Amino acid sequence: KYAYSHADERAPTPPERGLLHIWQSAGPSAQLCPDRVLLSRPVLQASLGEHHGLLLTQGGQVYSFGELLWRDLSVPVSAPLLEISLLGRTVVRVAAGGFHCGALSEQGNVFMWGENTAGQCGLSERVSEPCPVSVVDSDVVPPAAVQVVDLALGREHSLALSARNELWAWGSGCQLGLVTNTFPVWRPQKVEHLAGRHVVQVACGAYHSLALVRSLHQQNTPELTEGEEPFAADAGHYCPLGVELTEVMTHEVTTSKIQKTVLNKLVFKFILEKHLNVTLTVGSCFFLSGSPRQRRCSAGRPSSSCRSRSAAPEEAGGGLPSLETEVWSWGRGSEGQLGHGDQLARLQPLCIKCLTGEEVIKVAAGSHHSLALTAHCQVTHTSSLTFLQPSGLLCFVPRRPLQLSDGLRVWDVSAGQSHSLLLADGDCVQPVLLYCGPRKDYAVRPDLLPFCVEMGYISGVCSGGQSCAALADVNVMGFIGAIHELASRERRFYCWLSSVKRLVLTPLQSASPSLGEPCTHLFFSLCESFVRLSLLIGQHSTALSYFLHDVQGCDIASLPLLTHSEHFLDVYNEYCSSVGDFQVMGGFRPLHKLSLECLGSQQAVLAQLCEPDQSAGGKADLVSLLYWPLQQLHQYSRMLLKLAACYNVVRKLTALWLLFFSLSVLRLPQRRVVCESGNRSLTLQNAGRFSNHWFILFNDTLVHTQFSTHHIYPLASLWVKPVTEDGSGLYAIKITCPEESFTLVASTPQEKNKWLRSLNQAVDHVLGGAGQGSSPGLAAMSRTASHTFCGEGRFKDAHYTGAWVAGRIHGRGTMKWPDGRTYSGNFKSGQEDGYGECLIPDKVLNKPDGYQGHWRDGKIHGFGKYKYASGEVYEGCFCDGHRHGYGMLSSGRMAKRSSSVFIGQWVHDKKTGYGVHDDITRGEKYMGLWLDEQRHGNATVVTQCGLYYEGNFRDNKMCGPGLLVSDDDTALHGEFSEDWMVNGKGVLSLANGDSLEGMFSGEWTTGLKVVGTYFKPSADGRKDASCFYVFYWSSTYSTNSDRLI
C-alpha cells in the first residue's frame, strides 16, 4: 500500500481551527453545497490540481484525494489517504500540479510524485510515491544543496523558490524560462534571466508561469508627483528577452528629525520612569521596544505563512513587506494570459510593464488566465476567456480592476481551470467569498457565495481544475475575530489614505508655492509624513493578510504591530508633529482657499472622503481630514486590549502601546500643559501602595493615567472644591464630574494650593472668566457646558448641552442620544423635570415619536401631547410615563382628521372608566364604560345609519338586555349576545303600533328569525281576541322591508 485512510483516528469532535470546505465550481446560480473535510487534526494548507488535491495537517502530515492516476485509485475527499512515505519528514508546504504532486519539508527538501512523462517530477523514472528531488547549485564550488522555501506546479513543469529568492525550474515547455532547447529537463535548473533579482512569489498555470519580483529601485523619497508615476524605467527594463540592460540606481534622501513637543516628552518620561525604571535625560532618545523579533516556524507547522512572510518583499532593515514590486510572466500566451498585449509565447521571463507601480502583493495563475492582487485590494486579470469580458471581446493586457460592490476589499485570490475565487472584506468582520466563472451574461462583477457565512472566519482560498476550497477558523477566545477586524480596518484605512493622497494632496502640492514660503515648506513636510504613514499602513495591511494565511501557526508575539512598534511610534509621532506644526503656523486657512481653486470641481469627492465623524454636515474640512488618521490609534488600542485579554505574553507591551497611543491623540496645537504631578506630588485618596497615578492639567482638560488606562475630564464640566483640613494631615481637593467624583491628595499644603489655584484658573479661563479663578474654590458652580456621557445608564453615549449646577444637570438644556433620541427642556438634579420636548425615532416606521409636555423625575408626568409615528395623537394626562387620567386619543393616517377619536379616562395606558369613542371609519359612536381597553358596562351606541342602542357591554361586545331603536322608530327590547346580534326573548315594536313577542335570533342588519306572537292593537289600543294572531312556524322579519315573510 502507498497510503491508508486516517478515518480511524478522527476526533469525536472536529477541531475549531483549520476547517476545510471543498465544492465544485458550477457557477453562482447553481445550488452549491460545500463538503466539509473532517480530520483529527486541523488542516493547515490545501492545494488542488486538475482532478486531485493535497492536504497538509498539523504535525506535518500529508493527505491525498481525488483521481490518483499514478496509482489507479479514486479517493473521495471525505476519506483522504495519508501519505505514509512522508511520515517523519515534517512537511511544511504542499503543491498540486496538473497531474503530479510536491511537498516541502521543514529542512527545505523537495519531494515529488505523480505523472512524470514530461519530467515534471524531476526524476527520470516512474514516480508513484513521494521521492526526494535534489536541487543543487553547480555554480558554486563545491556544489551546494539549495534550501527551497516554496513550490509551484503546472501541468508539465515545476518551479521552486529558494531561500536566497532565486527561481529553479524543471519539466518541459517554454514555461520553464530556461535557455535550452532540450526537453524534458530532468533536473532542477536555475532560471538565469531572474538571477540577481529578489523573487518573492511564484505561480504556475497550465502552460505559463508568473513571478512576483521586488523592484530593483527603492524609491525612498516619498514625493508626490502629478499622475502618481512612482518610477519611469527605460525600454531596456522590458527587453523582450527579459534581460536587464540598464542599472537602476537608488537614491537615499535623509529626513530631518522631528522635535518632540512638551506632551511627547512627558509621555516618554512617564513611560520610562514608571514602567521601565529609566531616567530620561536631556537629549536622550529612548524607544518602547527593542529590535523586531523574527518569526519562527514551529515544527510541524506549514511554511505557507512563513513562506508568505519571508518571501513577501521586505524593506531593507524594516522587515515589513515592500509594495514596490513587479510581475514577470513567461510561457504560452495564446489566451493572452501573459499580459504583454499579444498572444505570443515567451521563452524567458518578461516584466509586465503596466503592472509596475501598482503595488501588487500576490499573483495567481489559472489554467489559461492570470490574476494580480494589489495592496489597494483590487484584482487585475489577464485572459481572453469570455467569462472575464463584458462583451465577449478578447483582451490580452491586464484589464482595469474587477468591478466590486461598494465596501468589498479583496485580500486573497486563487485561480482554477475556468474560474477564480476571491476572498474579501464585507460589511461585517467575517470575510466573504466572491466567484468569477463561466456565465451567459458575460458580466464582470463577481458574485457573492452566500454559503460562506456559515463557514466561519475564512483565512485562505484555493482553486484547481473545477474545484474550489476554503480554509476557515472558529473565533476561539475572540483571537481570530480580533485579528480579522484589525486587518480589515487596516486595509480600509490604506485605501482611504491612497484616495486622499491621489485626490487631495497631489493636486495641492503642485500649487503649494502660492501658500507662501513658511507654509509651503511645512506643507511639503506634511505631505512627506503623510506618504510615509500611508506606506506604513499599506505594508502593515499586507503583512496582516500574510499573517491571516497562517493564523493557526502564528505566535501572537509575531504580530507586526508588536514586532515593529518602534517604527509605528516614530511614523505616527512624525505625522502628528507635522500636522500640528502646519496648523500652529496658520497653514490651513490659505490651504482651504487653495483647495477651492484647485479642487473646485471635486468638492463632492472631497466630501465623500470625510468620515461621518470628521465634520458636521458631511462638508469637506481639510483640518479634520488630515487629523483623522490619528484616530486609527484608538483602533490599535482597542484591538490590543482584545488580544491582551486572550494572551498574557503581550500584555506588558500592550500597556505601553495603549498609554502612548491614548496620550498621543491628546496633542492639539491649541493645547498647553499647565502642570503635571511628577514624583507622586498628587495622588488619589486611598490609592494602593504600588499604584501609579499621573495627573496632567492642560488649559482645557485634566488627564488621569494609571498603567495602560487613562481618563479625560474636560474642564468645562469639572468642579473643584477644597476639602477642609480636619487634623488628619490630608491636603485634599474634591473633584466633581458629571459621572463621578474623587478626591486628590497633595503631598504638602503648598502643593495643594498650587493645584487648587491652577485648577480654578484653568476652569475660569475655559468658562470665559465666569468666576474668580485666582481665589481658590470660587469657580462658577452654575454654568453652561457640554458633555458626552460614557457610563452605564439612561444617558449612556448621550451628548448634553445646557445648564449645570455643582456637577449635575440642572436647568434648561438639550440631550441627544446616538440612536436619534433628543430631549430639549428643563432638568432638575440630573433628570428631566418640568416642561420639555422629546423626539424618539421609530426604526420600523422610519418616523419619530414626539412629545411636548411636563416631566417629573425623568419620566413623562402631567399634562402633555404625544404624537406617535403611527399617526396617533394623545393629548391629556400622564403619570410615570403612562397615559393616566383624562385624555383624548386621535388615531388614523389623516393629518387633520383622524379615523377614530377617544375622549375619556385612562389607567396605566389603558382605557378604563367612562369614555366616548367615535369610530369615524365605521360611523359609530360609543358612550359608556371601559375596562382594560375593552367596552365593559352600561353604554350607549349611535350609528351613522340611524341605529341607537342602549344596554350592557361585556368583553368588548353587546351582552345582556338592551334596547335597539332604528331610524323608523322600530324598537327592540331583548337579549343581545354579540354586536347587533339578538338571541333570546324580546319584544319588537313597530312604528304603526304593532308588536311581535317571542324568541329572536340573528343579526339586526341582515334579518331576524322569530318564533312568537304577533299583536295588532284594536281601535281603542287594547289587544283584542280578534286582533292578535299566534304563529306556530318560523317567520323572518326584515328590518329593511317592515314586513313578515
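The chain is annotated in an unreviewed UniProt entry as PH domain-containing protein of Gasterosteus aculeatus aculeatus.

Novice: I tried to follow the pattern of salt bridges on my own but got confused; where do I start?
Specialist: When the charged atoms of two side chains with opposite charge come close together, those side chains can pair. Under the criterion given, the structure shown has 22 salt bridges. The shortest N-O distance in the salt bridge between D412 and K362 comes to 2.5 Å. Note that D412 is positioned in strand β26 (residues 409-415) and K362 in strand β23 (residues 360-365), a separation of 50 residues in sequence. Take D412: its relative accessible area is 1%, and that puts it in the buried class.

Novice: Would you mind showing me how to read the nonpolar core here?
Specialist: Inside soluble globular proteins, nonpolar side chains tend to come together where they are buried. By size, the foremost hydrophobic cluster in this structure holds 90 residues, and its most contacted members are L433 and V504. Each residue touching V504, except ones within four places of it in the same chain, is listed here: S499, L599, L606, L609, L622 and L625. By size, the runner-up hydrophobic cluster in this structure holds 65 residues, among which are L56, V62, C121 and V185.

Novice: Any chance you could explain helix α6 (residues 565-584) here in plain terms?
Specialist: An α-helical segment advances 3.6 residues per turn. Residues three or four places apart therefore align on the same side. For α6, built from 20 residues, the straight-helix expectation of 28 Å at 1.5 Å per residue is met to within 8% by its first-to-last C-alpha distance of 28 Å. Extensive coverage of α6 is indicated by the burial of 14 of its 20 residues. A positive backbone phi angle near 70 degrees is found at G586, which sits one or two residues after α6.

Novice: Please clarify how the sheet that holds strand β36 (residues 709-714) should be interpreted in this entry.
Specialist: Backbone-to-backbone hydrogen bonds join strands into a sheet, with any given pair of strands oriented parallel or antiparallel. Taken together, four strands build an open sheet; the order of strands is β32-β34-β35-β36 and the sheet is antiparallel. Taken across any chain shown, the strands that pair with only one partner, and hence form the sheet edges, are β32 (673-676) and β36. For this sheet the average axis-to-axis angle between neighbouring strands, irrespective of direction, equals 20 degrees. The pairing of strand β35 (residues 701-706) with β36 spans six bridges and is antiparallel. When the sheet's bridge partners are listed, T705 is paired in β36 with H710.

Novice: Quick question: what am I supposed to make of helix α3 (residues 479-510) here?
Specialist: Under the 1.5 Å per step criterion, the end-to-end length of α3 is 45 Å for 32 residues, consistent within 8% with the ideal 46 Å. Along its length, α3 reaches its greatest deviation from straightness, about 35 degrees, at K501. Across the 32 residues of α3, 28 count as buried, placing the element largely inside the fold.

Novice: So what exactly am I meant to see when it comes to the packing of α3 against helix α4 (residues 517-549) here?
Specialist: One way to put it is that α3 packs onto α4 with a least axis distance of 8 Å and a crossing angle of 150 degrees. On the basis of the axis angle, α3 is roughly antiparallel to α4. Crossing handedness for the pair α3 and α4: left-handed.

Novice: Looking at this structure, how should I read the packing of α4 against α6?
Specialist: Each pair of packed helices gets described by two things: the angle between the helix axes and the distance between those axes. With their axes 9 Å apart at the nearest point, α4 and α6 run at an angle of 150 degrees to one another. Classified by the interaxial angle, the pair formed by α4 and α6 is roughly antiparallel. You can see that α4 and α6 cross each other, and the crossing is left-handed. Residue-level inspection shows C519, L522, F523, S525, L526, S529, F530, R532, L533, L536, I537 and H540 of α4 in contact with α6, the latter providing H567, F568, V571, Y572, E574, Y575, S578, V579, D581 and F582.

Novice: Just checking my understanding: could you explain unusual backbone geometry for this structure?
Specialist: Most of the time, phi is negative for any residue but glycine, and the peptide bond is trans. Here the bond from V141 into P142 is cis, since omega is -10 degrees, no more than 30 degrees from zero. By secondary structure assignment, the location of P142 is in the loop between β13 (136-137) and β14 (144-145). Between F183 and P184 the backbone carries a cis peptide bond, its omega angle lying at 0 degrees. Within the secondary structure, P184 is located in the loop between β17 (167-171) and β18 (185-190). Of note, the phi angle at N165 is positive, near 60 degrees, even though the residue is not glycine. Tracing the sequence through the fold places N165 in the loop between β16 (157-162) and β17. For N165, a relative accessible area of 10% corresponds to the buried category.

Definitions and limits used
- Residues numbered from 1 in each chain as written.
- Predicted model: local features only at pLDDT ≥ 70, side-chain atom pairs only at ≥ 80, totals over all residues.
- Heavy atoms only, no water.
- Salt bridge = Lys/Arg side-chain N within 4 Å of Asp/Glu carboxyl O.
- Helix = DSSP H or I, 4+ residues; strand = E, 2+ residues; numbered from the N terminus.
- Buried < 20%, exposed > 50% of the residue type's maximum accessible area, 1.4 Å probe, protein only.
- Core = buried A, V, L, I, M, F, W, Y, C linked by side-chain atoms within 4.5 Å.
- Contact = heavy atoms within 4.5 Å.
- Expected span 1.5 Å × (residues − 1).
- Pairing = 2+ DSSP bridges.
- Axes fitted to C-alpha atoms, helices over the stretch in contact; angles between N-to-C directions.
- Bend = angle between axes of the 7 residues up to and from the residue.
- Parallel < 35°, antiparallel > 145°, perpendicular 65-115°, else oblique.
- Left-handed = near helix turned anticlockwise from the far one by under 90°.

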